[in-house]
Amino acid sequence: MGAKRRGAAAPPGKKRGKREARAELCAALRDAALRERAAAAWGRGEPLRHEAAAVEPAPFRHGVIPGFLAGPAFAEALRDELLGLGFRGRRNDLLSLRQSEELGGRPEPHVAALRHALCEEFRAWLSAVTQIELEPTIDISCAKYEYTDVLLCHDDELEGRRIAFILYLVPPWEKSDGGTLDLYSTDEHFQPQKIVKSLVPSWNTLVFFEVSPVSFHQVSEVLSEEKCRLSVSGWFHGPSIVRPARHVEAALPRSPHIPYDHEILYEWINLVYLDMDSQAQIQEEFEERSEILLKDFLKKEKYQLLCEALEKKDIQWSSRGPAHKRLYETGEEDSLPDILKKFLQFLRSEALFLLLSNFTGLKLHFLAPSDEDEDAGEGRAADTAGRSSPKPEQEEAEQHADSNPRQPDSIPEAQDSEMQNGKSNSSSVKGLEQNPDIKDAGSRIPSDFQGTGISPCAAAGTRHQHKHGTYWDPEYGGFTSYIAKGEDEELLTVNPEDNCLALVYRDKETMKFVKYINHRSLARLKKHPNRTGFWDFSFVYYE
């Protein structure tokens with residue numbers, strides 16, 4: 001890449017071609033003394049703060065070069081060329097943005113000249129400063145972040161990547177416009193903890209950092225409706241380094257069922273769903289499609305009491321992470337109003353295990369009929385009680401930003417009952433609300449309340465209880481997506497819907513995440529001043 005110098009000076013007596021261009025880099029990169037000071041600071045893990053080039057060791061080694069391109073006219077022409085490229089929208093659990101194709105072979109003169117300057121002059125400077133023998137090729141592309149676009153927490157690690165870079169070509173930009181490059185601190189397990197530094201994009205400024213097990217960062221949500229965050233970014237490659245083993249989180253304990261009899265069903269559930277004919281129809285549709293939505297599932301009076309309780313300020317919340325897998329707040333069960341505690345008991349009840357077995361045809365209770373049972377009886381869920389059963393367990397749908405941020409890696413994980421607020425994953429009882437720091441992974445998603453969840457291991461039914469879905473638009477995010485492992489295309493998307501039970505069959509090869517909730521939700525929520533978002537109760541039951 002860039003072996004032929006497109007921007008070489010024209011021979012004497014000949015005019016430069018009209019489409020030739022040359023990227024001249026800032027004079028600071030040719031200052032030998034400054035380069036040596038930067039190399040010394042980088043090597044010792046010390047800061048170097050110079051107006052022409054800065055190097056910082058924390059939270060991981062990175063540098064900032066303002067005025068990277070020497071000629072203002074070149075930078076403006078480069079921006080215009082880039083805006084003329086074709087961009088494709090990219091949307092998954094981790095990101096929302098528009099990206100160009102690889103720029104490695106693009107013929108546009110200013111793009112080609114920049115590529116050559118990066119591969120030659122700047123690569124040599126980086127190698128001298130970082131003491132890494134960088135290869136003469138790069139990955140390079142252009143990204144446009146517009147209103148509500150975001151790139152959630154990830155580390156950029158992929159075989160051979162050694163130095164990441166971002167060149168900003170933005171209009172005058174303020175921190176209030178969003179789109180900052182946020183850098184995370186990490187714990188002893190190389191897991192991201194919290195944002196400790198935010199770099200505001202600036203015209204013709206280049207930021208670079210070492211890709212490492214601790215280089216966790218994100219692009220915060222763009223909050224300006226008028227500005228476009230345009231950047232050229234990519235990676236320099238070099239010799240691979242030894243990486244520590246990925247930290248494996250301990251499995252959280254499973255929650256056993258509670259031996260409540262069928263009377264608890266009549267207390268909470270719309271009676272139409274306790275009718276045997278209705279249960280047979282539901283099971284037939286579920287077995288055909290592996291998912292079903294049951295509208296108006298709870299009795300209206302119970303549902304209203306739950307909504308009122310969820311809006312109380314007495315619930316105590318604590319944050320859960322790590323941010324590259326999940327980001328939400330967990331409600332302490334002891335702090336919940338009585339109605340919510342009783343609802344969690346209903347969700348864990350043996351009677352509900354049996355009813356869900358009838359709905360799905362899955363053997364979620366040892367008394368539930370299976371394919372091998374003859375004359376199993378059509379639904380003993382509503383009239384059987386007090387028997388032992390398989391243990392439910394809550395799952396956290398983790399949006400895992402691994403080495404390659406282009407592929408979600410959601411890992412189901414058992415956990416005890418809990419309620420979550422702020423950012424949510426796709427399990428447990430969750431309340432989702434707009435929040436600028438959200439992640440679901442994924443999800444890395446803003447949620448206002450998340451409670452007990454139970455998740456399928458080999459096969460199971462997953463239930464969601466959504467609040468306020470009547471005013472929720474999928475453009476806000478907050479929906480639950482199911483994706484087959486190794487695939488990009490979604491198998492199923494479940495949007496929030498008022499008082500609706502969503503049953504989804506999910507096996508070990510199916511990942512799920514809750515999409516980041518963005519600021520588009522704010523304008524809509526203003527019409528509902530007493531509501532801060534929506535709540536999602538999610539349980540997973542094991543067969």
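Residues numbered from 1 in each chain as written. Predicted model: local features only at pLDDT ≥ 70, side-chain atom pairs only at ≥ 80, totals over all residues. Heavy atoms only, no water.

Caption draft 1: Looking closely at the packing of helix α1 (residues 32-44) against helix α3 (residues 109-130). In the contact formed by α1 and α3, the axes pass within 7 Å of each other and the chain directions differ by 45°. Comparing their axes, α3 and α1 come out oblique. Of the residues in α3, those touching α1 at R35, A38, A39 and W42 are W125, A128, V129 and T130. Class assignment for the residues of the contact of α1 with α3 results in six nonpolar, one polar and one charged. (Axes fitted to C-alpha atoms, helices over the stretch in contact; angles between N-to-C directions. Helix = DSSP H or I, 4+ residues; strand = E, 2+ residues; numbered from the N terminus. Parallel < 35°, antiparallel > 145°, perpendicular 65-115°, else oblique. Contact = heavy atoms within 4.5 Å. Nonpolar A, V, L, I, M, F, W, Y, C, P; charged D, E, K, R; others polar.)

Caption draft 2: How the structure looks around helix α8 (residues 350-360). In terms of burial, α8 is largely enclosed, as 11 of its 11 residues are buried. Listing the buried residues of α8 in full gives E350, A351, L352, F353, L354, L355, L356, S357, N358, F359 and T360. Buried positions along α8 lie against α4 (263-268), α5 (276-289), β14 (291-295), α7 (338-348) and β25 (500-505). In the segment just after α8, G361 is the residue with positive phi, at about 80°. (Buried < 20%, exposed > 50% of the residue type's maximum accessible area, 1.4 Å probe, protein only.)

Caption draft 3: Fine view of the packing of aromatic side chains. Across all of its chains, the model carries 16 aromatic pairs by this definition. The interplanar angle of 90° and the centroid separation of 5.9 Å between the aromatic rings of W125 and F208 together place this pair among those described as edge-to-face. Of this pair, W125 sits in helix α3 while F208 sits in strand β11 (residues 205-210); the two residues are 83 residues apart in sequence, bridging distant segments of the chain. Per residue, the accessibility class of W125 equals that of F208, and both read buried. Ring centres of F539 and Y541 lie 6.0 Å apart, and the angle between their planes is 25°; on these two criteria the pair is classed as stacked. Accessibility expressed as a relative area gives 0% for Y541, which makes it buried. Among the aromatic residues, ring-to-ring pairing joins W42, F68, F122, W125, F165, F208 and F236 into one connected group. Between the NZ or CZ atom of K144 and the centre of the ring of F87, over which it lies, the distance is 4.6 Å. Taking the ring centre of W235 as reference, the NZ or CZ of R161 above it sits at 3.5 Å. (Phe/Tyr/Trp six-rings, centres within 6.5 Å; stacked < 30°, edge-to-face > 60°. Lys NZ or Arg CZ within 6 Å of the ring centre and 35° of its normal.)

Caption draft 4: Spatial organisation of the pairing of β25. Burial analysis of β25 places five of its six residues in the buried class, which makes it a mostly covered element. Taken together, the five bridges between β14 and β25 define a ladder with antiparallel strand orientation. By the bridge assignment for β25, I292 is matched with L503. (Pairing = 2+ DSSP bridges.)

Caption draft 5: Main features of the confidence of the model for the chain. Per-chain confidence: the chain averages 80 in pLDDT, with 76% of residues scoring 70 or above. Overall, residues 1-17 carries pLDDT values under 50, and its contacts beyond four positions in sequence, including any with other chains, amount to 23 contacts. Counting interchain partners and residues more than four positions distant, the pLDDT-below-50 stretch residues 376-470 has 560 contacts. (pLDDT = per-residue confidence, 0-100.)

Caption draft 6: Focus on the sheet that holds strand β23 (residues 480-484). The strand order across the open sheet built from three strands is β24-β23-β26, with neighbouring strands paired in antiparallel fashion. Only two strands of the sheet have a single neighbouring strand rather than two, namely β24 (490-494) and β26 (510-514). Ignoring strand direction, the axes of neighbouring strands in this sheet form an average angle of 20°.

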